[in-house]
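Coordinate analysis (summary)
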Amino acid sequence: MTPVSYPQALLKQTHDYARERYIMILSDECEIVLRKIFETYSPKRVLEIGTAIGYSSSVMALISDCVIDTVEKDGERIAAAKELWTKLGVSERINAYHGDADGTLADIVEGKTYDFVFLDGAKSAYRRQLEFLEPHIEKGGIVLCDDVLYLGLVKGDGVPPHKHRTIVNNMRGFLNYLSQSGKYDSRVIDEANGIAVARKK
Ligand SMILES: C[S@@+](CC[C@H](N)C(=O)[O-])C[C@H]1O[C@@H](n2cnc3c(N)ncnc32)[C@H](O)[C@@H]1O
C-alpha cells in the first residue's frame, strides 16, 4: 500500500469534517478539475473568493508554489483556515482577507494581477465580480467557478421557482457573459452542481 503523507491525510480529514458538518467546500468533481489545472499549469498568483475553512486553498498551495489571496466574510472560518494552513506549512503563501468580497476586493487586488481565479463565494455575484476583476486577470489566466448550474435550475430557459429566481437568472447571465463576451474560451462541465472553466483571451 502507498503510504499517505501527513498533508494528504490532514486534507482528507478536513474534507470529511466539512462534509459531515455541511460546511460548504468545493464539490469533489470541482476538486478534480482544480487539481488537473494546477498539475498542468502550476499557477503562481491566485485569487480565491470564498475561503471557508481553507480546504481548496490548501489543495492549491500544496500542488503549486503559488501565492494565494483569499477572501471570506465569516471570521470563524478564516480562523479555522489559518490553523489548517499552519499545520500544512503553507500559511506564509496565503493571504487571508476577512470581509465581504464586494467591499474588500478593490483593496485586495490593487496593483496585482492573477493567473488563476477561483470564484466560489456568493453565486449571484459571479458576473459582477468577474467583470470587476478582468483588468487583474492575465491573458491566458484561468477562471474556475463552482456551482454554476445551481441545482440543475440554470440549464435551459425555464422559469425557475420564485425563491431561486434571482440566483438562477444571475447565473444564466454570468454563463452567457462567459460564452458570449468574446473575452474568454469557456466550457461548462455538467457534473455535480456545474463547473465553469474559462481562459482569458
Ligand atoms: C462554497 S464555500 C467556499 C469553499 C472553499 N472555496 C473550499 O472549497 O474550500 C463559500 C464561502 O464563501 C463565503 N462567502 C459567501 N459570500 C461571500 C462574500 N460576499 N464575501 C466573502 N465571502 C463570501 C461563505 O461564507 C462561504 O464560506
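Residues numbered from 1 in each chain as written. Predicted model: local features only at pLDDT ≥ 70, side-chain atom pairs only at ≥ 80, totals over all residues.

**Quick notes on the packing of helix α3 (residues 55-63) against helix α4 (residues 75-88)**
Each pair of packed helices can be summarised by the angle the axes make with each other and by the distance between the axes. Put simply, the rule is: Every angle, taken between N-to-C directions, lies between 0 and 180 degrees, and every axis is a line fitted to C-alpha atoms, over only the stretch in contact when it is a helix. Comment: elements are numbered from the N terminus, with helices defined as DSSP H or I runs of at least four residues and strands as E runs of at least two. Roughly parallel covers angles under 35 degrees, roughly antiparallel covers those over 145, roughly perpendicular covers 65 to 115, and oblique covers all other angles. By convention, the crossing between two helices is left-handed when the near helix turns anticlockwise from the far helix through less than a right angle, and right-handed when the turn is clockwise. Here contacts are defined at the residue level, using C-beta atoms placed from the backbone and a cut-off of 7 Å between them. In the scheme used here, Gly and all other residues not listed as nonpolar or charged are polar, with Ala, Val, Leu, Ile, Met, Phe, Trp, Tyr, Cys and Pro taken as nonpolar and Asp, Glu, Lys and Arg as charged.
It is the contact of α3 with α4, at a shortest axis distance of 10 Å, that shows an interaxial angle of 25°. In this view, α3 runs roughly parallel relative to α4, as classed from their interaxial angle. With respect to the hand of their crossing, α3 and α4 are arranged in right-handed fashion. Here α3 contributes Ser57, Ser58 and Leu62 to the contact with α4, which in turn contributes Ala81, Leu84, Trp85 and Leu88. Along the lines of polarity and charge, the residues of the contact of α3 with α4 split into 5 nonpolar, 2 polar and no charged.

**Some words on the site of the ligand**
For clarity, the threshold we go by: As used in this record, a residue near a molecule or strand is one whose C-beta atom, placed from the backbone, is within 6 Å of it.
Around the ligand, the surrounding shell holds 18 residues, and the nearest of these are Leu26, Gly50, Tyr55, Ser56 and Ala101. Residue assignment for the shell around the ligand shows that the elements contributing at least two residues are α3, β2 (67-72) and α5 (101-109). Looking at side-chain class alone, the shell around the ligand contains 8 nonpolar, 3 polar and 7 charged residues.

**Concerning the nonpolar core**
To keep it simple, the criterion reads: In these notes, a nonpolar core means any group of buried Ala, Val, Leu, Ile, Met, Phe, Trp, Tyr and Cys residues linked to one another through C-beta atoms within 7 Å. Partly exposed residues are those falling between the two cut-offs: more than 12 but fewer than 20 other C-beta atoms within 10 Å of their own, whereas 20 or more means buried and 12 or fewer means exposed, with C-beta atoms placed from the backbone.
Of all hydrophobic cores here, the largest spans 55 residues; its most connected members are Met60, Val117, Leu119, Val143, Val148, Met171 and Ala196. Discounting residues that sit within four places of it in the chain, Val148 has contacts with Val154, Met171, Leu175, Val188, Gly194, Ile195 and Ala196.

**A closer look at the pairing of strand β3 (residues 94-98)**
Each regular strand displays side chains that alternate between the two surfaces of the sheet. For clarity, the cut-off: A pair of strands counts as paired when DSSP detects no fewer than two bridges linking them. Whether a crossover is right-handed comes down to one check: with the strands pointing away from the viewer, does the path from the first strand over the helix to the second run clockwise; if it does, it is right-handed.
Where β2 meets β3, 5 bridges bridge the pair, whose relative direction is parallel. The partner of Val71 across the bridge, within β3, is Tyr97. Traced from β2 through α4 to β3, the parallel crossover comes out right-handed.

**What to know about the pairing of strand β7 (residues 195-200)**
Pairing between strand β5 (residues 137-146) and β7: 5 bridges, direction antiparallel. Opposite Leu144, over in β7, you have Val197 as the bridge partner. The turn linking strand β6 (residues 184-189) back onto β7 is made up of 5 residues, and Ala192 within it adopts a positive phi angle of 50°.

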